[in-house]
Amino acid sequence: MTPPGDDTSAGNIAAIEAAAREAKAAAAEAEAAADDAGKSAEEAETSAELAEDSATKAKVAARSADADADRADADADRVQADADEADSLVGELLIDERHPSEGMGAPGPPLRRSNPFVFGFFAALGVLVAWGLWHALGQAKSVLILLIVSMFIAVGLNPLVEWFMRRGLKRGLSVGVVFLLVLGAFAGVGFAIVPVVTDQINGLITNAPDWLDLLTKSKTLTDLDTKYHFIDKAKDYIQDPALAQKAFGGVLGVGKVVANALFSAFTVLILTLYFLASLPTVKKAAYSLVPASRRPRVSILGDEVLGRVGGYVSGQFLVAITAGFFAFVFLEIVGLGQYAVALAIVVVFTDFIPMVGGLIGCVIITLIGLTDGLWTGVFCLAYGVIYQQIENYIVAPRIMRRAVDIPGAVTVIAALLGGALLGVVGALLAIPTAAAVLLIIREVWVRKADAS
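Conventions adopted
Residue indices follow the written sequence of each chain, beginning from 1 at its first position. The predicted nature of this model means local features are confined to residues of pLDDT at least 70 and side-chain atom pairs, given and counted, to a pLDDT of 80 or more, with totals for whole chains, interfaces and linings taken over all residues. Neither water nor hydrogens contribute to the side-chain values; these are computed over all heavy atoms in the structure. Under the DSSP-based scheme used, a helix requires at least four consecutive residues in state H or I and a strand at least two consecutive residues in state E, with every element numbered from the N terminus. Categorising residues by exposure relies on relative accessible area from a 1.4 Å probe, with only protein chains included: less than 20% of the type maximum marks a residue as buried, more than 50% marks it as exposed, and the intermediate range marks it as partly exposed. Should any heavy atoms of two residues lie within 4.5 Å, those residues are considered in contact. Areas reported here follow the Shrake-Rupley algorithm with a probe of radius 1.4 Å; residue values treat only the protein chains shown as occluding. In this analysis, the protein atoms alone were mapped onto a 1 Å grid. Cavities are point sets where a 1.4 Å probe fits without being able to get out; pockets are open sets with protein on both sides within 12 Å along at least five of seven lines; lining residues have an atom within 4 Å of a point. Grid points are joined across faces, edges and corners, and a volume is the space filled by probe spheres set on the points. Under the scheme applied, nonpolar residues are Ala, Val, Leu, Ile, Met, Phe, Trp, Tyr, Cys and Pro; charged residues are Asp, Glu, Lys and Arg; polar residues are all the others, including Gly. Each patch groups residues whose relative accessible area exceeds 30% and which form no salt bridge, using 9 Å between like charges and 5 Å between nonpolar side chains of Val, Leu, Ile, Met, Phe, Trp and Tyr. Put simply, a salt bridge is a Lys or Arg side-chain nitrogen that is within 4 Å of an Asp or Glu carboxyl oxygen. Charge counting follows a simple rule: Lys and Arg are positive, Asp and Glu are negative, and His as well as the terminal groups are ignored. Positions of charges follow a simple convention, taking NZ of Lys, CZ of Arg, CG of Asp or CD of Glu. Aromatic pairs are defined between Phe, Tyr and Trp rings, using the six-membered ring for Trp, whenever the two ring centres lie within 6.5 Å; interplanar angles under 30 degrees are classed as stacked, those over 60 as edge-to-face, and all others as tilted. In this text, buried Ala, Val, Leu, Ile, Met, Phe, Trp, Tyr and Cys residues form a nonpolar core when linked through side-chain atoms within 4.5 Å. By this rule the span expected of a helix is its residue count minus one, scaled by 1.5 Å. Note on definitions: angles span 0 to 180 degrees between N-to-C directions of axes, and those axes are lines fitted to C-alpha atoms, for helices only across the stretch in contact. For classification purposes, angles smaller than 35 degrees are called roughly parallel, those larger than 145 roughly antiparallel, those between 65 and 115 roughly perpendicular, and all remaining angles oblique.

Chemist: Hey, could you go over the overall build of the protein chain for me, with residue numbers and the actual values?
Modeler: Of the regular secondary structure elements, the protein chain holds 13 helices and zero strands. Secondary structure elements of the protein chain occur, N-terminal to C-terminal, as α-α-α-α-α-α-α-α-α-α-α-α-α. Looking at the 452 residues of the protein chain, the share that counts as buried comes to 23%. Taking the intrachain contacts of the protein chain between residues at least 6 apart in sequence as the baseline, contacts between residues at least 24 apart amount to 66%. Accessible surface for the protein chain amounts to roughly 31900 Å². Of this, 69% is attributable to carbon and sulfur atoms.

Chemist: Can you tell me about the layout of surface pockets, naming the residues and giving the values?
Modeler: Take a probe with the size of a water molecule and roll it over the atoms, and the empty space left behind shows itself. Its volume calculated, the largest pocket comes out at about 1800 Å³. If you go around the largest pocket, you meet 45 residues; those closest to its centre are Ile153, Val182, Phe186, Phe349 and Phe352. Put simply, the parts of the chain that give the lining of the largest pocket at least two residues each are helix 3 (141–166), helix 4 (171–217), helix 7 (241–277), helix 9 (295–334), helix 10 (340–350) and helix 13 (408–451). The element that contributes the greatest number of residues to the lining of the largest pocket is helix 3, accounting for 14 residues. Its residues placed into classes, the lining of the largest pocket shows 36 nonpolar, eight polar and one charged.

Chemist: Could you give an account of a negative patch on the surface, with specific residues and numbers?
Modeler: Residues Glu45, Glu49, Glu52 and Asp53 make up a contiguous surface patch of negative charge. Position of aspartate 53 relative to the elements: it lies in helix 1 (residues 4–97).

Chemist: Before we move on, could you go through empty space enclosed by the protein and cite the residues and values that matter?
Modeler: All told, the structure shown has one cavity of 30 Å³ or more when counted by the stated rule. The calculated volume of the largest cavity comes to roughly 120 Å³. Lining the largest cavity are 15 residues, with Val347, Gly358, Cys362, Tyr387 and Gln388 sitting closest to its centre. Listing elements by their share of the lining of the largest cavity, those giving two or more residues are helix 9, helix 10, helix 11 (357–372) and helix 12 (374–400).

Chemist: So what's going on with the packing of aromatic side chains? Residues and values would help.
Modeler: By the definition in use, this model includes eight aromatic pairs. With centroids separated by 4.3 Å and ring planes inclined at 5°, the aromatic side chains of phenylalanine 330 and tyrosine 383 adopt a geometry described as stacked. Residue phenylalanine 330 is found in helix 9, and its partner tyrosine 383 is found in helix 12; the two are separated by 53 residues along the sequence. Take phenylalanine 330: its relative accessible area is 15%, and that puts it in the buried class. Given the relative accessible area of 17%, tyrosine 383 is considered buried. With a centroid separation of 5.9 Å and 20° between ring planes, the pair formed by tyrosine 383 and tyrosine 387 is classed as stacked. In this pair, tyrosine 383 and tyrosine 387 both sit in helix 12, four residues apart, roughly one turn of the helix. Since its relative accessible area comes to 10%, tyrosine 387 is described here as buried. One aromatic cluster in this structure is built from Phe325, Phe326, Phe330, Tyr383 and Tyr387.

Chemist: An account of the nonpolar core is requested, with residue identities and associated values reported.
Modeler: Membership of the largest hydrophobic core comes to 15 residues, with the highest contact counts inside it found for Phe330, Leu331, Leu336 and Ile365. When contributions to this core are tallied by element, the ones reaching two or more residues are helix 9, helix 10, helix 11 and helix 12. Ranked by the residues each element gives to this core, the list is headed by helix 9, at five residues. Phenylalanine 330 has contacts with Phe379, Cys380 and Tyr383, leaving out every residue within four places of it along the chain. Residues Tyr312, Leu429, Ile431 and Leu438 belong to the second largest nonpolar core, which totals ten residues.

Chemist: Residue-level account of the environment of threonine 411, with values.
Modeler: Within the fold, threonine 411 resides in helix 13. Each C-alpha atom of the pair threonine 411 and alanine 434 lies 7.5 Å from the other, and the pair is 23 residues apart in sequence. Look past the residues within four positions of threonine 411 in its chain and what remains in contact with it is Ile406 and Ile431.

Chemist: Account for helix 3, naming residues and giving values.
Modeler: For helix 3, built from 26 residues, the straight-helix expectation of 38 Å at 1.5 Å per residue is met to within 8% by its first-to-last C-alpha distance of 38 Å. The set of residues buried in helix 3 consists of Leu146, Val149, Ser150, Phe152, Ala154, Val155, Gly156, Leu157, Asn158, Val161 and Phe164. Of the residues flanking the end of helix 3, it is glycine 168, one or two places downstream, whose phi is positive at about 110°.

Chemist: Can you break down the environment of phenylalanine 379 residue by residue, with the values?
Modeler: Checked against the element boundaries, phenylalanine 379 lands in helix 12. What makes phenylalanine 379 partly exposed here is its relative accessible area of 45%. Separated by 14 residues in the primary sequence, phenylalanine 379 and isoleucine 365 have C-alpha atoms spaced 10.0 Å apart. Sequence-distant contacts of phenylalanine 379, defined by excluding residues within four places in its chain, comprise Phe330 and Val334.

Chemist: Break down the packing of helix 3 against helix 9 for me, citing the residues and quoting the values.
Modeler: Where helix 3 contacts helix 9, the axes come no closer than 7 Å and their chain directions differ by 85°. Comparing their axes, helix 9 and helix 3 come out roughly perpendicular. For the pair formed by helix 3 and helix 9, the contact residues are Phe152, Val155, Gly156 and Pro159 on the first element and Leu306, Val309, Gly310, Tyr312, Val313 and Ser314 on the second. By residue class, the composition of the contact of helix 3 with helix 9 is seven nonpolar, three polar and no charged.

Chemist: Give a description of the pattern of salt bridges that names residues and reports values.
Modeler: Taken as a whole, this structure holds two salt bridges when the rule is applied. Across the pair aspartate 303 and lysine 283 runs a salt bridge, and its minimum N-O distance is 3.5 Å. Taken together, the residues span a long stretch of sequence, with aspartate 303 in helix 9 and lysine 283 in helix 8 (residues 279–288) at a distance of 20 residues. According to the relative accessible area criterion, lysine 283 is partly exposed, its value standing at 24%. Its salt-bridge partner being glutamate 443, residue arginine 447 comes within 3.4 Å of it at the nearest N-O pair. Separated by four residues within a single helix, arginine 447 and glutamate 443 lie in helix 13, roughly one turn from each other. Arginine 447 sits in the partly exposed class, given a relative accessible area of 48%. Of the residues examined, glutamate 443 reaches a relative accessible area of 27% and is grouped as partly exposed.

Don't take any of this as a statement about function, it's just geometry.
This is the structure:
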């Protein structure tokens, strides 16, 4: 049995132990808080030291800035003093030499950019410069046409050069081979056409007396001569002393035209050779003028344009060769074999002219056929009309479909505009130019419109 007083003692002991445990816990927490406070104090001390270092550096920088500002102020004072001295010296000189009592006076306000006189002067100067450039371009029109034609031919021959390069030849050797082939083609054309033209002229001279006899024996012409006296007028014209001078001038004019044509052909050949040999370098130089961010896309579009121009020339060459081949076969069948090679070459060259080239070749063949007989001429005319339809709707679309993808209406409009601007040369360049413009519109303008 525990005495009653023992229960009270046991409760006091338990309370004391609980209080002791709480005191120990509080002491532990206080110790942890003290540690944390110590760490915070150390961190604060470190931050204070860093702030003190930064403040010291800022003070040093401020002192340096103050020193630089002082030196700048001193330099400005010296410059101002020098300027004042120069102004004083100039003023003294002006006063001494021009205006001893007043000087030059106070300067007025600067001229405004909106001043009518200034605007009119620079506007007139701009108009004069623009007119001078336009006049210079007009004077150099013939040279520019030769350059454009040469570049066009070079781009058209480039696929053939690349074909030889894919066969293992270097570019220089490939260009030489293609150039020799072109020269051989022109030489062959000359040897084929010149004899025919010579025979025609000799035949005209040989048959001229017979035609004159027919004219003199014609009753109708005799009645007309009795009424209008055109034979006497012709004799007077022939016996006119000025006729020799006019004829000589005409011969000189023809000779000048022939000389200019030969010079232009030689220039085109040389420029074509140069452009063909340096085409990669020219492309690289042209692309380097474009900003670097847009250079890859411009290079892709430029190569595509050049490829389409070359494809057009190659395709048109195949179309013309096809027309010449069938013309040769037809002429051999119809009985004009002596003119077959020359007329086939003429058809090849005229077929390069858009829209009207086939018609020109048909007319030439028909006229030559009429010299052999009426029915021969009729057959030639019928052949020309039928083959032109076959070429327009079967041959040309199949060959040119991959080269230039442009609508027929755009082809007609481009050929008309090109012919109006630069004649036959403009008509030849119009279709590949239109194809290039349509490509740029589709890839640049339309894509921007779709993205907006």
